[in-house]
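# Descriptive structure summary
Single-letter residue listing:
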Amino acid sequence: MTVTSLLDMRFAADHLEDGPRALLGILADTRAFDGCLGVQIVTDVTDPAHVVAVEHWESLEHDDAYRAWRAGPGASGLGEYLAGPPALTRFTDVVSL
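Quick look at the structure, then. Computed from a predicted model, the values in this text were never measured in an experiment.

### As for the sheet that holds strand β3 (residues 47-57)
Read across the open sheet, the 4 strands follow the order β2-β3-β1-β4; overall the sheet is antiparallel. What marks the edges here is a single partner per strand, and that holds for β2 (36-44) and β4 (87-92). Averaged over neighbouring strand pairs, the angle between their axes works out to 20 degrees when direction is ignored. Taken together, the 8 bridges between β2 and β3 define a ladder with antiparallel strand orientation. Residue pairing across strands places D44 opposite D47, the latter belonging to β3. On the sheet, helix α1 (residues 18-32) packs against β1 (3-10), β2 and β3 and is oriented at approximately 155 degrees with respect to β2. Contacts from helix α2 (residues 60-71) reach β1, β3 and β4, with the element oriented near 130 degrees to β3.

### Considerations on the pairing of β3
Counting buried residues in β3 gives 8 out of 11 residues, a clear majority hidden from the surface. Where β1 lies against β3, 8 bridges are found, and the strand directions are antiparallel. Bridge pairing in β3 links R10 to H50. A loop of 2 residues connects β2 with β3, the two strands running antiparallel in sequence.

### Some details on the environment of G19
With respect to the helices and strands, G19 occurs in helix α1. Expressed as a C-alpha distance, the spacing of G19 and E80, which sit 61 residues apart in the sequence, is 8.7 Å. Non-local contacts of G19, meaning those with residues more than four positions away in its chain, are made with F11 and Y81.

Thresholds applied
Residues numbered from 1 in each chain as written. Predicted model: local features only at pLDDT ≥ 70, side-chain atom pairs only at ≥ 80, totals over all residues. Heavy atoms only, no water. Pairing = 2+ DSSP bridges. Helix = DSSP H or I, 4+ residues; strand = E, 2+ residues; numbered from the N terminus. Axes fitted to C-alpha atoms, helices over the stretch in contact; angles between N-to-C directions. Contact = heavy atoms within 4.5 Å. Buried < 20%, exposed > 50% of the residue type's maximum accessible area, 1.4 Å probe, protein only.

Next up, the structure:
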């Protein structure tokens, strides 16, 4: 079952220019990670510091492997650009409501 992960982030006020550029570079590795079906970044229309990464994964196991990699050897350093820790919410696709 596919998984959609939302990574809700807020750039620190002093990183509104370089933070998004850093995120673009980081996303190249995310998109290349095994099981990643795609990533889109959306920006809050009233607050450009507030962005959400909408990630699509083949399975929860692929997403778990990615999170473990980012917590270890694939650490991105993104946290230095953020105002606080990002919030992760993961959803499974529902066939019918």
